[in-house]
Amino acid sequence: MTRQLLVDASEHLRRAADAADTDSAERFDRVADELRTAADADSGPDHGWMAKRIHTIRDAASDADDAVQGHADAAVECISEYRKDVPGV
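Predicted model only: the values in this text are computed from it and were never measured. (Residues numbered from 1 in each chain as written. Predicted model: local features only at pLDDT ≥ 70, side-chain atom pairs only at ≥ 80, totals over all residues. Heavy atoms only, no water.)

1. A closer look at the environment of Ala16
Phase 1 of the analysis: One can find Ala16 in helix 1 (residues 4-19).
Phase 2 of the analysis: Separated by 48 residues in the primary sequence, Ala16 and Ala64 have C-alpha atoms spaced 9.4 Å apart.
Phase 3 of the analysis: Aside from chain neighbours lying at most four places away, what touches Ala16 is Phe28, Val68, His71 and Ala72. (Helix = DSSP H or I, 4+ residues; strand = E, 2+ residues; numbered from the N terminus. Contact = heavy atoms within 4.5 Å.)

2. Regarding the packing of helix 2 (residues 22-40) against helix 3 (residues 47-61)
A pair of packed helices is characterised by two quantities: the angle between their axes and the separation of those axes.
Phase 1 of the analysis: Viewed as axis vectors pointing N to C, helix 2 and helix 3 meet at an angle of 155°, and their least axial separation amounts to 9 Å. If you check the angle between helix 2 and helix 3, you find them roughly antiparallel. Once helix 2 is placed against helix 3, the crossing between them reads as left-handed. Residues Ser24, Arg27, Phe28, Arg30, Val31, Glu34, Leu35 and Ala38 of helix 2 form the contact with helix 3, whose own contacting residues are Trp49, Arg53, Thr56, Ile57, Asp59, Ala60 and Ala61. (Axes fitted to C-alpha atoms, helices over the stretch in contact; angles between N-to-C directions. Parallel < 35°, antiparallel > 145°, perpendicular 65-115°, else oblique. Left-handed = near helix turned anticlockwise from the far one by under 90°.)

3. Quick notes on helix 1
Along an α-helix, residues three or four apart share an orientation, since each turn contains 3.6 residues.
Phase 1 of the analysis: Between its terminal C-alpha atoms helix 1 stretches 23 Å, which fits the 22 Å expected from 16 residues at 1.5 Å a residue.
Phase 2 of the analysis: Among all positions in helix 1, only Leu5, Leu6, Val7, Ala9, Ser10, Leu13, Ala16 and Ala17 are buried.
Phase 3 of the analysis: Contact partners of the buried residues in helix 1: helix 2, helix 3 and helix 4 (66-83). (Expected span 1.5 Å × (residues − 1). Buried < 20%, exposed > 50% of the residue type's maximum accessible area, 1.4 Å probe, protein only.)

4. Topic: the packing of helix 1 against helix 4
Phase 1 of the analysis: Here helix 1 crosses helix 4 at 165°, and the two axes come no closer than 8 Å. If you check the angle between helix 1 and helix 4, you find them roughly antiparallel. In this structure, helix 1 meets helix 4 at a crossing whose hand is left-handed. Residues Leu5, Leu6, Asp8, Ala9, His12, Leu13, Arg15, Ala16 and Ala19 of helix 1 form the contact with helix 4, whose participating residues are Val68, His71, Ala72, Ala74, Ala75, Cys78, Ile79, Glu81 and Tyr82.
Phase 2 of the analysis: Split by residue class, the contact of helix 1 with helix 4 holds 13 nonpolar, two polar and three charged. (Nonpolar A, V, L, I, M, F, W, Y, C, P; charged D, E, K, R; others polar.)

5. Considerations on helix 4
Phase 1 of the analysis: In this model, helix 4 (18 residues) spans 25 Å end to end at C-alpha, consistent with the 26 Å of a helix rising 1.5 Å per residue.
Phase 2 of the analysis: Along helix 4, the residues that are buried comprise Val68, Ala72, Ala74, Ala75, Val76, Cys78, Ile79 and Tyr82.
Phase 3 of the analysis: Backbone nitrogen of Ala67 and a side-chain oxygen of the N-cap are separated by 3.1 Å at the start of helix 4; the cap is Asp65. (Polar contact = N/O pair within 3.5 Å; in protein donor to acceptor, adjacent residues only side chain to side chain.)

Below, the structure written as structure tokens:
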């Protein structure tokens, strides 16, 4: 389980924010900050925490154009890959 996946997800969300409208951009930026903080924390996030962030990402990207959708999907893929090695569920 590599925390680099959380950093990568954060970077994808920064790109999504750059391409998104104001409301969605703020949501992407907030989740990007949370993922970066989680990547640097002593203990990683749990399944529930990550599921909430994935839901927020998908919701923010739901009406977005293809460029935003692509970055949001890439972020979700990174988080999902990280989750595979998290114990529980």
